[in-house]
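# Breakdown of the fold
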Amino acid sequence: MRVRLDFAYDGTDFSGWAAQPGLRTVEGELSLGLGRILRADPPPSLTVAGRTDAGVHARGAVAHVDVEPAGWAALPGRSDLPPHDAAVRRLAGVLPPDVVVRRAREVSEDFDARFSALTRRYSYRLCDAPELLDPLRRRDTVTVRRPLDAETMDAAARSLCGLRDFAAFCRRREGATTVRTLLEYSWRREGPLLLGTIVADAFCHSMVRALVGAVVPVGEGRRPVSWPAEVQDRALRDPGVTVMPAHGLCLEEVTYPDDTALAARARTARAIRTLPEE
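To start, this report covers the structure provided alongside it. From a predicted model like this one, the values you see are computed outputs, not experimental measurements.

## Considering the environment of Val216
- One can find Val216 in helix H5 (residues 207–219).
- The buried category is assigned to Val216, whose relative accessible area is 6%.
- The spatial distance from the C-alpha of Val216 to the C-alpha of Met244 is 9.3 Å, given a sequence separation of 28 residues.
- Setting aside chain neighbours within four positions, we find Val216 in contact with Leu126, Leu148, Met153 and Met244.

Given below as structure tokens:
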């Protein structure tokens, strides 16, 4: 049977999501925790909506896992809890404090945490006045030395939205497309902080942090507002675009269609995306 997990984590002390030999990862901790409570050896494997890099955080991560029905049914033990509530409570007892499973529930086999997703929403936090940064937020906020203009960053960011080839902001993989639909990219200022919101149907590797790196020079006054779109149109990596530090990035939310549309969405997401012919 298939189970959906909604969870969050502080990515500071992880080597990213994906399990890697000899390294501490979110997938590794979560898989081991599930194996313990389900008494499964080997522990179950997970499919996640977004494979975050080392240091990236998540408040709204989603994964699915296929488990044996008997092991799932046994989770409540002598309690009156339903299995999904028992799973959350028991995982809280075995997971480290930097990973929290907020919800677990049974779903149909049509649900695929990765391919059924409609959108992923990330946030990015910048501070251009390091002396005013709350030290309790140092693990999720990136400081910059030059003052930033949030309005010009926002204008440059909005110019990148739409169904586009984001090759200029992605690490290419053989056989993979770099065409994505960027639904929202915006910036706003809150005191010494600049908060970015980035929403797309999907992201390729390093894309979000490169998108941030494309507008920071605009905010510093070193590049015109039109520059990020010009880089995008060239579809080539530009040395002027810095891939920003991981710890300012957080996966905030993943959205899905209703249950009747899950399978169709997964088929669409698996298809190789291309730009429409002009």
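Following the structure, the description resumes.
## Considering the state of the cysteines
- Evaluation of the coordinates by the stated rule reveals one disulfide.
- A disulfide bridge connects Cys170 with Cys204, and the sulfur atoms are separated by 1.8 Å. Here the residue Cys170 occupies a position in the loop between strand E7 (162–165) and strand E8 (179–190), and Cys204 occupies one in the loop between strand E9 (193–200) and H5, the gap between them amounting to 34 residues.
- With a relative accessible area of 1%, Cys170 lands in the buried category.
- Note on Cys161: no disulfide assigned, nearest cysteine sulfur contributed by Cys170 at a separation of 14 Å.
- According to the relative accessible area criterion, Cys161 is buried, its value standing at 19%.
- Residue Cys250 stays outside any disulfide, its sulfur separated by 17 Å from that of Cys127, the closest cysteine.
- Judged by its relative accessible area of 7%, Cys250 is buried.

## Some remarks on the packing of helix H4 (residues 150–158) against H5
- Look at H4 against H5: their axes get within 8 Å of each other, and the N-to-C directions meet at 140°. Considering their axes alone, H4 and H5 lie oblique with respect to each other. Seen from above, H4 lies across H5 with right-handed handedness. Here Thr152, Met153, Ala156 and Ala157 of H4 come into contact with H5, specifically with Val215, Val216, Val218 and Gly219.
- For the contact of H4 with H5, the residue count by class is six nonpolar, two polar and no charged.

## Observations concerning the environment of His84
- Of note, His84 is situated in helix H3 (residues 83–94).
- Taking C-alpha positions, His84 is 5.2 Å from Ala104, a pair spaced 20 residues apart along the chain.

## A word on the pairing of strand E1 (residues 2–9)
- Judged by how many residues are buried, E1 sits mostly within the fold: eight of eight residues are covered.
- The alternating pattern of E1 places Arg2, Arg4, Asp6 and Ala8 on one face and Val3, Leu5, Phe7 and Tyr9 on the opposite face, and all of these are buried.
- Bridging between E1 and strand E3 (residues 57–66) involves seven bridges; their strand directions are antiparallel. If you follow Leu5 over to E3, its bridge partner there is Ala63.
- Of the strand pairs in this sheet, E1 and strand E4 (residues 99–107) are connected by eight bridges, and their pairing is antiparallel. Across the sheet, residue Ala8 finds its bridge partner in E4, namely Val100.

Procedures and definitions
Residues numbered from 1 in each chain as written. Predicted model: local features only at pLDDT ≥ 70, side-chain atom pairs only at ≥ 80, totals over all residues. Heavy atoms only, no water. Helix = DSSP H or I, 4+ residues; strand = E, 2+ residues; numbered from the N terminus. Buried < 20%, exposed > 50% of the residue type's maximum accessible area, 1.4 Å probe, protein only. Contact = heavy atoms within 4.5 Å. Disulfide = S-S within 2.5 Å. Axes fitted to C-alpha atoms, helices over the stretch in contact; angles between N-to-C directions. Parallel < 35°, antiparallel > 145°, perpendicular 65-115°, else oblique. Left-handed = near helix turned anticlockwise from the far one by under 90°. Nonpolar A, V, L, I, M, F, W, Y, C, P; charged D, E, K, R; others polar. Pairing = 2+ DSSP bridges.

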